[in-house]
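Listed below, chain by chain, are the residues.
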Amino acid sequence: MTTPTIPRPGKAEDGATDGAGDLAGKKGKAAKDGAKPGKKKKLILVAVVLVALAAAYFLVLKPKPAASGEPEPGMVVRLDPLTLNLDGGHYLKLSMALQFTAAASAGGGGHGGGAEEPDGSQALDIAIAQLSNRKIAELNTAAARSAAKTKLLEAIAEAYHHDVMDLYFTEFVMQ
């Protein structure tokens, strides 16, 4: 009795082409191509795992970006009303409030932050300088008031070391 021999992968005995020989021939082709069938599956699995890890990092673990640079609002300080002379015998009655940043409100600002209310004298002075002696037509429309407010806010924010983040007109009456 003879013992059956098992063909080695990649070699068929005596040119026989049985099922095992065909399989060995296919493995030989895959080996010649440079990749085994199981190796491709592992490569795809590794790629899927890497993509899943990257997605988890960006969605969950990625550090949160720093604040967008927009300061948090703090206290609002109402200033005393002003009556300003406009050109041509007209006048403007103006009341406004300053919105300070949270840092200035907590004592981080140099204008009396913390328990004391910041002094609005400098803001009133800037408003008088910028709005006095203007023609009524320069402040009559909403767009003109908005432009004047923007310019006034820039000057006040600069004077208060950018501790003021917004300006509100609470009264704006011209006659």
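In what follows, the structure referred to is the one given above.
Keep in mind the model is a prediction, meaning the values are calculated, not measured.

Participant: Would you explain helix α5 (residues 142-159) in this entry?
Facilitator: Helix length check: α5, at 18 residues, gives a terminal C-alpha distance of 25 Å against a target of 26 Å (1.5 Å per residue), a fit within 8%. All of the buried residues along α5 are Ala-144, Ala-148, Leu-152, Leu-153, Ile-156, Ala-157 and Ala-159. Buried positions along α5 lie against β3 (91-101), α4 (121-131) and β4 (164-174). In the stretch just after α5, His-161 is the one whose phi turns positive, near 55 degrees.

Participant: Explain a nonpolar patch on the surface here, please?
Facilitator: Together, Leu-45, Val-46, Val-49, Leu-50 and Leu-53 line one region of the surface with nonpolar side chains, adding up to about 480 Å² of accessible area. With respect to the secondary-structure elements, Val-49 resides in helix α2 (residues 37-61). Overall, the relative accessible area of 41% leaves Val-49 in the partly exposed class.

Participant: Would you mind going over the pattern of salt bridges with me for this structure?
Facilitator: Side-chain pairing between opposite charges can occur once the charged atoms of the two side chains come close. If you walk through the whole model with that rule in mind, you get two salt bridges. The salt bridge partner of Glu-171 is Lys-93, with a shortest N-O separation of 3.6 Å. With Glu-171 in strand β4 and Lys-93 in strand β3, the pair connects residues that are 78 residues apart, well separated along the chain.

Participant: Which parts of the structure should I look at to understand the nonpolar core?
Facilitator: General note: in soluble globular proteins, nonpolar side chains tend to be found buried as a group. In this structure, Met-96, Leu-98, Leu-131, Leu-152 and Ile-156 are the most contacted members of the largest nonpolar core, which totals 25 residues. When residues of this core are traced back to their parent elements, those giving at least two are β2 (82-85), β3, α4, α5 and β4. Not counting residues up to four positions away in its chain, the partners in contact with Ile-156 are Met-96, Leu-98, Ala-123, Ile-126, Val-164 and Leu-167.

Participant: What's the story with the packing of α4 against α5 in this structure? I'm lost.
Facilitator: A pair of packed helices is captured by two measures, namely the crossing angle of their axes and the spacing between those axes. Closest axis-to-axis distance for the α4/α5 pair is 10 Å, and the angle between their directions is 140 degrees. Here α5 runs oblique to α4, going by the angle between their axes. In terms of crossing hand, the pair formed by α4 and α5 is right-handed. Residues Gln-122, Ala-123, Ile-126, Ala-127, Gln-130 and Leu-131 of α4 touch α5, and the partners they reach there are Ala-148, Lys-151, Leu-152, Ala-155, Ile-156 and Ala-159.

Participant: Please explain α4 as it appears in this structure.
Facilitator: For the α-helix, the turn length of 3.6 residues means that residues three or four positions removed from each other point alike. Considered for burial, the residues of α4 that qualify are Ala-123, Leu-124, Ile-126, Ala-127 and Leu-131. Taken down its axis, α4 places every buried residue within 160 degrees of arc, on the same side. Away from its buried face, by an angle of more than 90 degrees, α4 presents the exposed residues Asp-125 and Ala-129. Tucked inside the fold, the buried residues of α4 contact β2, β3 and α5. Looking one or two places after α4, you find Asn-133, whose phi comes out positive at around 60 degrees.

Participant: Can you walk me through the packing of aromatic side chains in this structure?
Facilitator: For any pair of aromatic rings, geometry is given as the distance between the ring centres together with the angle between the planes. With the rule as written, the count across this model stands at two aromatic pairs. The interplanar angle of 80 degrees and the centroid separation of 5.9 Å between the aromatic rings of Phe-100 and Tyr-160 together place this pair among those described as edge-to-face. Taken as a pair, Phe-100 in strand β3 and Tyr-160 in the loop between α5 and β4 lie far apart in primary sequence, 60 residues in all. A relative accessible area of 3% means that Phe-100 is categorised as buried. Arranged with centres 5.2 Å apart and planes meeting at 35 degrees, the rings of Phe-169 and Phe-172 form a pair that is tilted.

Participant: Can you help me understand the side chain of Thr-101 in this one?
Facilitator: Among the secondary structure elements, Thr-101 is positioned in strand β3. There is a polar contact of 3.2 Å between the side chain of Thr-101 and the backbone nitrogen of Ala-104.

Participant: Is there a simple way to explain the side chain of Arg-134 in this structure?
Facilitator: Examined against the element boundaries, Arg-134 turns out to sit in the loop between α4 and α5. Within the structure, the side chain of Arg-134 is placed 3.5 Å from the side chain of Glu-138, a separation counted as a polar contact. In this structure, Arg-134 is in contact with Leu-86, Asp-87, Leu-139 and Ala-148, ignoring residues within four places of it in sequence.

About the cut-offs
- Residues numbered from 1 in each chain as written.
- Predicted model: local features only at pLDDT ≥ 70, side-chain atom pairs only at ≥ 80, totals over all residues.
- Heavy atoms only, no water.
- Helix = DSSP H or I, 4+ residues; strand = E, 2+ residues; numbered from the N terminus.
- Expected span 1.5 Å × (residues − 1).
- Buried < 20%, exposed > 50% of the residue type's maximum accessible area, 1.4 Å probe, protein only.
- Contact = heavy atoms within 4.5 Å.
- Patch = residues over 30% accessible without salt bridge, like charges linked within 9 Å, V, L, I, M, F, W, Y side chains within 5 Å.
- Areas by Shrake-Rupley, 256 points an atom, 1.4 Å probe, with all protein chains shown as cover.
- Salt bridge = Lys/Arg side-chain N within 4 Å of Asp/Glu carboxyl O.
- Core = buried A, V, L, I, M, F, W, Y, C linked by side-chain atoms within 4.5 Å.
- Axes fitted to C-alpha atoms, helices over the stretch in contact; angles between N-to-C directions.
- Parallel < 35°, antiparallel > 145°, perpendicular 65-115°, else oblique.
- Left-handed = near helix turned anticlockwise from the far one by under 90°.
- Arc of directions from axis to C-beta.
- Phe/Tyr/Trp six-rings, centres within 6.5 Å; stacked < 30°, edge-to-face > 60°.
- Polar contact = N/O pair within 3.5 Å; in protein donor to acceptor, adjacent residues only side chain to side chain.

Distances and angles like these do not, on their own, reveal function.
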